[in-house]
Structure formats: C-alpha cells, structure tokens
Amino acid sequence: SQTIHQWPATLVQPVGSPLSLECTVEGTSNPNLYWYRQAAGRGLQLLFYSVGIGQISSEVPQNLSASRPQDRQFILSSKKLLLSDSGFYLCAWSKGQGYSYEQYFGPGTRLTVT
Amino acid sequence: AQKVTQAQTEISVVEKEDVTLDCVYETRDTTYYLFWYKQPPSGELVFLIRRNSFDEQNEISGRYSWNFQKSTSSFNFTITASQVVDSAVYFCALSEQGTNAGKSTFGDGTTLTVKP
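Here goes a summary of the coordinates provided. (Residues numbered from 1 in each chain as written. Chains lettered and ligands numbered in written order. Predicted model: local features only at pLDDT ≥ 70, side-chain atom pairs only at ≥ 80, totals over all residues. Heavy atoms only, no water.)

Considering the layout of surface pockets
Thought 1: Each pocket or cavity is described by its volume, and for the largest pocket that value is around 500 Å³.
Thought 2: Lining of the largest pocket is provided by 25 residues; of these, A:Q38, A:A39, A:A40, A:G41 and A:R42 occupy positions nearest its centre.
Thought 3: Elements that contribute at least two residues to the lining of the largest pocket include exactly β4 (32-38), β5 (44-52) and β9 (87-94) of chain A together with β10 (88-96) and β12 (110-115) of chain B.
Thought 4: Class assignment of the residues belonging to the lining of the largest pocket gives a composition of eight nonpolar, 12 polar and five charged. (1 Å grid on protein atoms, 1.4 Å probe; cavity = no way out; pocket = protein on both sides within 12 Å on 5 of 7 lines; lining within 4 Å. Points joined across faces, edges and corners; volume = space filled by probe spheres on them. Helix = DSSP H or I, 4+ residues; strand = E, 2+ residues; numbered from the N terminus. Nonpolar A, V, L, I, M, F, W, Y, C, P; charged D, E, K, R; others polar.)

Okay, structure coming up:
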C-alpha cells in the first residue's frame with residue numbers, strides 16, 4: 001500500500017530564517033506530487049506541483065521554492081521566511097499520467113513564523 | 001476556467017440530523033472528474049469519492065451519499081443520521097481532462113459541526 005510522509009509536524013521559525021519541509025511517498029512510482037498551503041480557516045492554495053524528477057511548476061509567485069531530487073521526494077524551501085508564510089502545509093500525491101486520479105494527502109506541517 | 005463553489009461556509013447540526021453539503025462547479029470540458037475530501041480536526045485530508053462526468057448515477061456508501069447532476073453542475077454530498085465524528089471541513093474538487101498533472105481545483109470548503 002502507498003503511504004506519504006511529511007516532516008516536521010510542527011515548526012516555529014523566526015522571520016528571515018530558511019525553511020525546508022520534506023515529503024516522501026512510498027509504495028508507488030512516478031507519482032504526481034503537490035504542495036499546498038492552507039491559512040487558518042481557509043481553503044487550499046496549490047503552491048507547486050511536479051510530474052517528474054526535476055520538473056516543478058509554480059502556481060503562485062512567492063518566496064517559496066520546491067524541488068524534486070528523487071522520484072518520490074518533494075521538498076519545499078525558502079531562503080527567508082516572511083510572517084505571511086505561516087500556515088498549514090500539505091503534501092499530496094496522485095497517480096501520474098492522468099487527470100482522473102484522486103489525491104492522497106500527508107499529515108501536514110504547521111508552520112508558525114514569528 | 002474551472003471553478004468550484006461551496007456556498008455554505010459553516011453548517012451546524014445536532015447529532016442524527018441529515019445534512020447536505022452543496023457543491024457547484026464550472027467547467028468548459030465535457031470530460032472531468034469530481035471529488036469530495038474530508039479534513040478532520042487532525043488536519044490530514046481524506047479522499048472520500050471520485051465521480052466522472054459520464055456517470056451520473058448517485059452513490060451511497062453507508063451514511064454517505066452523493067448526488068451528481070450535470071444539468072445543474074452540482075455534486076452534492078449528504079450525510080444521513082450525522083454523528084459527532086462527522087465534524088470536519090469538507091472540500092469538493094474538480095479536475096478537467098485538459099489539466100496538466102491531474103491538478104484539481106478545490107472549493108473553499110464547508111465546515112460541518114455536529115453537536116451531541
């Protein structure tokens with residue numbers, strides 16, 4: 001069976017510090033991978049998605065970046081965090097090569113920028 | 001452009017009541033998929049159902065049922081005899097055939113509170 005891992009679960013970082021959130025998927029190959037952000041009490045905002053190693057598409061311009069160094073690894077980064085980067089970050093995967101597949105989400109990372 | 005509207009921001013019911021969550025979508029594609037996800041207080045979204053645009057049959061899974069009507073571009077979700085454990089945020093989502101990477105457009109979610 002497939003599983004998705006995200007870490008850390010919670011993170012408190014000062015403004016201007018770097019960020020690295022990691023997501024890994026097990027039990028599948030060539031997945032589509034996604035990073036979402038959810039502000040408190042709000043909907044999901046798609047940040048990045050990837051259809052393969054090294055292939056990253058950005059949905060919203062911001063001070064965040066994403067990388068996919070391995071097939072089942074997806075990393076969200078920032079060189080300098082802003083207060084507005086606070087939120088709940090969710091990684092998700094879906095079967096590749098199609099639009100019909102549901103997404104499976106990780107447990108999320110709650111980021112507080114102070 | 002695709003769009004999903006969940007007009008009900010918050011719904012509060014008493015346990016054992018039936019409740020319907022509305023979802024209205026917009027798309028120019030004739031081939032698309034619709035989804036419902038549940039986000040309990042723990043935060044992790046859980047996939048509930050997928051429905052393609054060619055299958056308008058309603059679906060029932062235990063206390064959950066879904067009503068898909070292309071004529072009104074709606075994909076509504078009904079919980080029968082609600083329970084406290086149903087309290088969560090529910091998201092409706094749409095994925096079009098022409099969308100790269102299977103991206104989905106999510107509605108803003110409906111927060112359901114079931115009171116004992």
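From this point, the narrative continues.
Examining the side chain of A:Q6
Residues and elements named next belong to chain A.
Thought 1: Turning to its location among the elements, Q6 is positioned in strand β1 (residues 3-7).
Thought 2: The class for Q6 is buried, based on a relative accessible area of 8%.
Thought 3: At 3.0 Å, the side chain of Q6 forms a polar contact with the backbone nitrogen of C91.
Thought 4: The contact partners of Q6, leaving out residues within four places of it in the chain, are E22, C23, W35, Y89, L90, C91, G106, P107, G108 and T109. (Buried < 20%, exposed > 50% of the residue type's maximum accessible area, 1.4 Å probe, protein only. Polar contact = N/O pair within 3.5 Å; in protein donor to acceptor, adjacent residues only side chain to side chain. Contact = heavy atoms within 4.5 Å.)

Side note on the nonpolar core
Thought 1: Counting residues in each nonpolar core, the largest one holds 23 residues, and the members touching the most others are B:W36, B:F75, B:F77, B:Y90 and B:L112.
Thought 2: Broken down by secondary-structure element, the contributors of at least two residues to this core are β2 (10-14), β3 (19-21), β5 (32-39), β8 (64-69), β9 (74-79), β10 and β12 of chain B.
Thought 3: Other than its neighbours up to four places away in sequence, B:Y90 contacts B:Q6, B:L21, B:W36, B:Y37, B:K38, B:L48, B:Y64, B:F77, B:I79, B:G109, B:T110 and B:L112.
Thought 4: In this structure, A:I4, A:A66, A:Y89 and A:V113 belong to the second largest nonpolar core, which totals 20 residues. (Core = buried A, V, L, I, M, F, W, Y, C linked by side-chain atoms within 4.5 Å.)

Focus: the pairing of β4(A)
Where a strand is regular, its side chains alternate between the two sheet faces.
All names here are of chain A.
Thought 1: Most of β4 is tucked away, with seven of its seven residues classed as buried.
Thought 2: Pairing of β4 with β9, which is carried by seven bridges, proceeds in the antiparallel orientation. Bridged to N32 within β9 is S94.
Thought 3: The antiparallel pairing of β4 with β5 creates a hairpin that spans five residues between the two strands, and G41 there sits at a positive phi of about 70 degrees. (Pairing = 2+ DSSP bridges.)

Concerning the interface of chain B and chain A
Thought 1: Taken residue by residue, the interface counts 25 residues in chain B and 25 residues in chain A.
Thought 2: With both sides pooled, the region where chain B packs onto chain A buries about 1,900 Å², and carbon together with sulfur makes up 56% of that total.
Thought 3: On the surface where chain B and chain A come into contact, there are two salt bridges.
Thought 4: A:E102 serves as the salt-bridge partner of B:R50, at 3.3 Å between the closest nitrogen and oxygen. (Buried area = accessible area lost by both parts, 1.4 Å probe. Salt bridge = Lys/Arg side-chain N within 4 Å of Asp/Glu carboxyl O.)

Focus on the environment of B:F68
Residue and element names in this part refer to chain B.
Thought 1: Mapped onto the elements of the fold, F68 is located in strand β8.
Thought 2: F68 sits in the buried class, given a relative accessible area of 2%.
Thought 3: Measuring from C-alpha to C-alpha, the distance between F68 and L112 comes to 20 Å, with 44 residues separating the pair along the chain.
Thought 4: For F68, the contacting residues outside a window of four places in its chain are Y25, Y32, L34, R51, N52, S53, D55, E56, N58, S74 and F75.

Thoughts on the pattern of salt bridges
Residues and elements named next belong to chain B.
Thought 1: For the coordinates displayed, the defined rule picks out seven salt bridges over all chains.
Thought 2: Between D55 and R51 there is a salt bridge, and its shortest N-O distance comes to 2.6 Å.
Thought 3: According to the relative accessible area criterion, R51 is buried, its value standing at 6%.
Thought 4: One salt bridge connects E59 with R51, and the closest N-O pair in it is separated by 2.6 Å.
Thought 5: A single network of salt bridges, built from pairs that share partners, joins R51, D55 and E59.

Honestly, it's all geometry; don't read function into it.
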